[in-house]
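Listed below are the residues making up each chain.
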Amino acid sequence: ETAVFQTPNYHVTQVGNEVSFNCKQTLGHDTMYWYKQDSKKLLKIMFSYNNKQLIVNETVPRRFSPQSSDKAHLNLRIKSVEPEDSAVYLCASSSTGVSNERLFFGHGTKLSVL
Amino acid sequence: GDSVTQTEGQVALSEEDFLTIHCNYSASGYPALFWYVQYPGEGPQFLFRASRDKEKGSSRGFEATYNKEATSFHLQKASVQESDSAVYYCALSPFNTGNYKYVFGAGTRLKVIA
């Protein structure tokens, strides 16, 4: 049963446009993540928030910016998309406090940049 | 930094074959180890985990044993079914470092032919 909800499922856009993706979790978790999954299925972490605080910020282009209004929501904005941004963007959440806590993923948002 | 190496590319089997997907890790400290499975159109799902040496994790007929000496966590299943076709990820979660960066392997695509 899905408890991490992402919108939209798909988005097709042109180079230079701005896009925003939304993520909401209903699990009561305090940590949320954005991962990028490329066409070879490689998963790369982009950002992580804990209780609305940015705690992981990997080396991603400045055109990517995460936004968290509360611990249940984490959005991702891409200011001016490039062709290499085409990928599936996966949102995930977890509960901190124990180091072996698992991640819960959404179904992903597939971005195609023409 | 921490890393996970797993069987590369695709594994093709017939139904009822025995499955092994290799996973080796490199980490400082004592990480928790995970297997995740991703079906088409979905995000990765937690399969199982192990947190200490010689602990066996298992779910849905899949199993793996934490081997600290060999730094391994190989996924096995005695008899695969067509419905097991998916991408499998080995992952680690650093222990007690305040580090929220799970590390995923590159993924192994399993194709089971009926």
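Our subject is the structure that appears above.
Residue positions are given per chain, counting from 1 as you read along its sequence in written order. For this description, chains carry letters from A and ligands carry numbers from 1, given in the order in which they are written. A pLDDT threshold of at least 70 governs which residues receive local features in this predicted model, and a stricter bar of 80 or more applies before side-chain atom pairs are shown or counted, although totals over entire chains, interfaces and linings include all residues. Side-chain figures throughout are based on the complete set of non-hydrogen atoms in the structure, without hydrogens or water.

Here we take up the interface of chain A and chain B. Whether two residues are in contact is decided by their heavy atoms, any of which lying within 4.5 Å being enough. On the chain B side, the residues contacting the 25 residues of chain A number 23 residues. With both chains or domains summed, chain A and chain B bury close to 1,900 Å², and 58% of this area falls on carbon and sulfur atoms. By the criteria applied, helices consist of DSSP H or I runs no shorter than four residues and strands consist of E runs no shorter than two, each listed in order from the N terminus. Broken down by secondary-structure element, the contributors of at least two residues to the side of chain A that touches chain B are strand 4 (31-37), strand 5 (43-50), strand 6 (53-57) and strand 9 (87-94) of chain A. In terms of residue class, the side of chain A that touches chain B is made up of 10 nonpolar, 10 polar and 5 charged. Summed over both partners, the accessible surface that disappears when two parts come together, traced with a 1.4 Å probe, is what is meant by buried area. Three classes are used, and their members are as follows: Ala, Val, Leu, Ile, Met, Phe, Trp, Tyr, Cys and Pro are nonpolar, Asp, Glu, Lys and Arg are charged, and the others, Gly among them, are polar.

With that settled, the discussion passes to the state of the cysteines. All names here are of chain A. Cysteine sulfur pairs qualify as disulfides if the two atoms are within 2.5 Å. For the structure on display, the rule yields 2 disulfides over all chains. Disulfide pairing is shown between C23 and C91; the S-S distance is 1.9 Å. Measuring the twist about the S-S bond at about -80°, one finds the C23-C91 disulfide to be left-handed. In this pair, C23 is assigned in strand 3 (residues 19-25) and C91 in strand 9, connecting sequence segments 68 residues apart. As far as burial versus exposure is concerned, C23 and C91 are alike and both buried. Per-residue accessibility, obtained with a 1.4 Å probe over protein chains only, is compared with the maximum for each type, and a residue is labelled buried under 20%, exposed over 50%, and partly exposed between these values.

This brings us to the sheet that holds strand 3 (residues 19-21) of chain B. All names here are of chain B. One bridge is not enough; two strands pair if DSSP finds at least two bridges between them. Strands sit in the order 3-9-8-7 across an open sheet of 4 strands; the sheet is antiparallel. Each having just a single partner strand, strand 3 and strand 7 (56-59) make up the two edges of the open sheet. Recorded for the sheet is a direction-independent mean angle of 20° between the axes of neighbouring strands. Taken together, the 2 bridges between strand 8 (residues 62-65) and strand 9 (residues 75-77) define a ladder with antiparallel strand orientation. Opposite F62, over in strand 9, you have K77 as the bridge partner. For helices, the axis comes from a line fit to the C-alpha atoms of the stretch in contact; other axes are also lines fit to C-alpha atoms, and the angle between any two N-to-C directions lies between 0 and 180 degrees.

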